[in-house]
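# Tertiary structure, described
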Amino acid sequence: MASKTEKQVWETFVRRPGDLKEGEEVPMVLRDLTSGKKKYQMRHVVAVVSRKPEDMASMDQLQVRTVVGILLPETWGVKIVRELPIELPGRPYHDFYDALRKAAVSGS
Amino acid sequence: MFDDTRDFIEALCASGDLHEIEKEVHWDLELGAVSRLTCEKDGPALWFKRIADYRADYTAFVNPMATWRRVAVTFGLPPASSLKEIYAEYEKREGKLIPPLTVETGPCKDVINLGKDFDIYDLPAPMLHDGDGGRYLGTWDIAVSRDPETNWVNWGMYRFMVYDSRHLTGFPRPTSHLGKVFQDYYLAKNKPMPIALVIGADPISHFTASATYHIGGEEAALAGGLRGAPVELVRCETNDLLVPANSEIIVECEVLPNCVGLEGPYGEYPGYRTGEMGNGILCRVTAVTHRKNPILTIDATGYRDDSSTITALTGAIAIKRRLERHGLPVLDVNVPREGAVHMAVIGVKYGGKQVAKEILETLTSRRALLSKILLVDPDVDVYDLGQVFHAFSTKCHPAHGIHVVHYEGRANTLTPCYSQGERALQKGATALYDCTWPGEWSREWEVPVKATFETIFPRSVQQKVLAEWKSYGFKD
């Protein structure tokens, strides 16, 4: 984990532009970019994201990659509201993001 | 024949096809970048002896068969064997099956980690490419699974990504043999599917796992036949599956029928990262066993990776066999390395529209991994891409010589030219470029005469010129 003076840095993948919505709780997958053996460990969460500098000052840092893995130049702020299970209920070979949205709604 | 990865490494070292890297290399992109560049230079296999963040006795062996030289060594052939000789050797051996032997124990049980004893992050899974969905533990692997209704055991080489300390996600395609059994039986019954991820078995076993092999065919017996000796198998700790006893690492898992995780995107064998993401499977790890000083085997996937040789080779022979079974006039098939298992060159005794359409139908009826097929006459050597390109350029009629079949639900979702929408629906197409002369054309009156030495001169003139060749002042 990052020290208290350093911001925790996370990364997420989105399917299309506009999938990250500011000011509302969004389900997402985060991977931890902290250096070390466990770098890139995944978490499923409900979080709030923002691009407003005043919000970002108190938030963790979020990097965003597209569906083909391209890192977008903009950095976001992210605050985890709650965890979702790592064994996320859903149907194999079907859209993971649909499963995330359903889990967030059902309060899994 | 080689009994394990270590024997194979020794043989590659002896043939000059291995490079050992003693300098510490980081698992986070550096190992992948070194391996990728080596692959693109047709360089040797790599053995990374020191990996940052990891114990000194955990090493990584990368790109085992990414050149034809290394495939030749695998089969005990001279390293400089031609492509045609390697194809012929595989074709000669693949019909013979030797069932595996079950043994009590083996080196893969040197260290047994059950329950809370293991953490997947103790294995140095690399982040192979910048922007991949995660660290891939399974690239040069064998995913062992069984169909409970028929007891058919399948070995497949599929990608598996580290998710957290006790979970992996994977993408054995829905149309793959593992994917089919999972969906038809386990998913239907909402039961977890036991699988074992084998890392670092003997090279022929990995070869067969990546092979295009028919449903119901047991790769373990194929491996025995190709090796000329049975593969020794040992029982897993947490399920009834059998795995090669001499393997470096075994990760025992269950595929969850009612849970998902993010899988991908990942830079795959087509040579691209296509955006295939979030449509895979989630596995719960139940045990990890390994040898002392385990060697993680890795395929640094991308352009001209291990698939470009071995999947291409076995795919070509599988295509040939399938066409033969359907009574089609096939002579030889080559899946060229540069075509990334998306293109096949099929040589036929005779072509024409009807043959072309039957071949296209036969090769796309269940799953369609190829998107391009070039059909050539017997005068074209399918292994000589110069000849193939000449035939394509000159004999394929741009309006009447291209036949296309469209399909949905069985396309190769990793094919780079498909849109995201097509991928979601597994929708695609295969085009056959008919580079054969129309059957109805008269050889005497209509078929153009090929203007090469062998075809446009009388035999007597050819013989005279060859006999006199050096007298014209040529050295060779």
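This text follows the structure it describes.
Treat the numbers as computed from the prediction; the structure is a model and nothing was measured.

We now examine the sheet that holds strand β4 (residues 101-102) of chain B. Residues and elements named next belong to chain B. Within the open sheet, the three strands sit side by side as β4-β12-β13. Their pairing is mixed. The two strands at the open ends of the sheet, each matched to only one other strand, are β4 and β13 (242-244). As defined by bridge partners, β4 adjoins strand β12 (residues 232-235) across two bridges and the pair is classed as parallel. Considered in β12, the bridge of Leu101 is made with Glu232.

This part is about the interface of chain A and chain B. Every contact between the two is made by 30 residues of chain A and, on the other side, 45 residues of chain B. In this assembly, chain A packs against chain B so that about 3,100 Å² is buried in total across both faces, 56% of it on carbon and sulfur atoms. Summed over the three residues of chain A that lose the most area to chain B, namely Lys37, Glu87 and Tyr93 of chain A, the buried surface amounts to 28% of that side. At the junction of chain A and chain B, the tally comes to five salt bridges. As a salt-bridge pair, Lys38 of chain A and Asp119 of chain B come within 2.7 Å of each other at their nearest N and O atoms.

Right, let's get into the nonpolar core. All names here are of chain B. Core analysis: the biggest nonpolar cluster contains 89 residues, and Phe61, Val144, Trp155, Leu313, Ile319, Ile346 and Ile359 have the highest contact counts within it. Considering every element that reaches this core, the biggest residue donor is helix α8 (residues 307-325), with seven residues. Each residue touching Phe61, except ones within four places of it in the same chain, is listed here: Thr5, Phe8, Ile9, Leu12, Leu18, Ala45, Leu46, Trp47, Ile295, Leu296, Thr297 and Ile298. Within the second largest apolar cluster, 72 residues are counted, among which are Leu46, Tyr58, Cys259 and Met277.

Residues and elements named next belong to chain B. Taken together, the four bridges between strand β1 (residues 18-21) and strand β2 (residues 45-48) define a ladder with parallel strand orientation. Across the sheet, residue Ile21 finds its bridge partner in β2, namely Phe48. Assessed by its sense of winding, the connection that carries the chain from β1 through helix α2 (residues 30-40) to β2 is right-handed.

Rules of the game
Residues numbered from 1 in each chain as written. Chains lettered and ligands numbered in written order. Predicted model: local features only at pLDDT ≥ 70, side-chain atom pairs only at ≥ 80, totals over all residues. Heavy atoms only, no water. Pairing = 2+ DSSP bridges. Helix = DSSP H or I, 4+ residues; strand = E, 2+ residues; numbered from the N terminus. Contact = heavy atoms within 4.5 Å. Buried area = accessible area lost by both parts, 1.4 Å probe. Salt bridge = Lys/Arg side-chain N within 4 Å of Asp/Glu carboxyl O. Core = buried A, V, L, I, M, F, W, Y, C linked by side-chain atoms within 4.5 Å. Buried < 20%, exposed > 50% of the residue type's maximum accessible area, 1.4 Å probe, protein only. Right-handed = clockwise from strand over helix to strand, strands pointing away.

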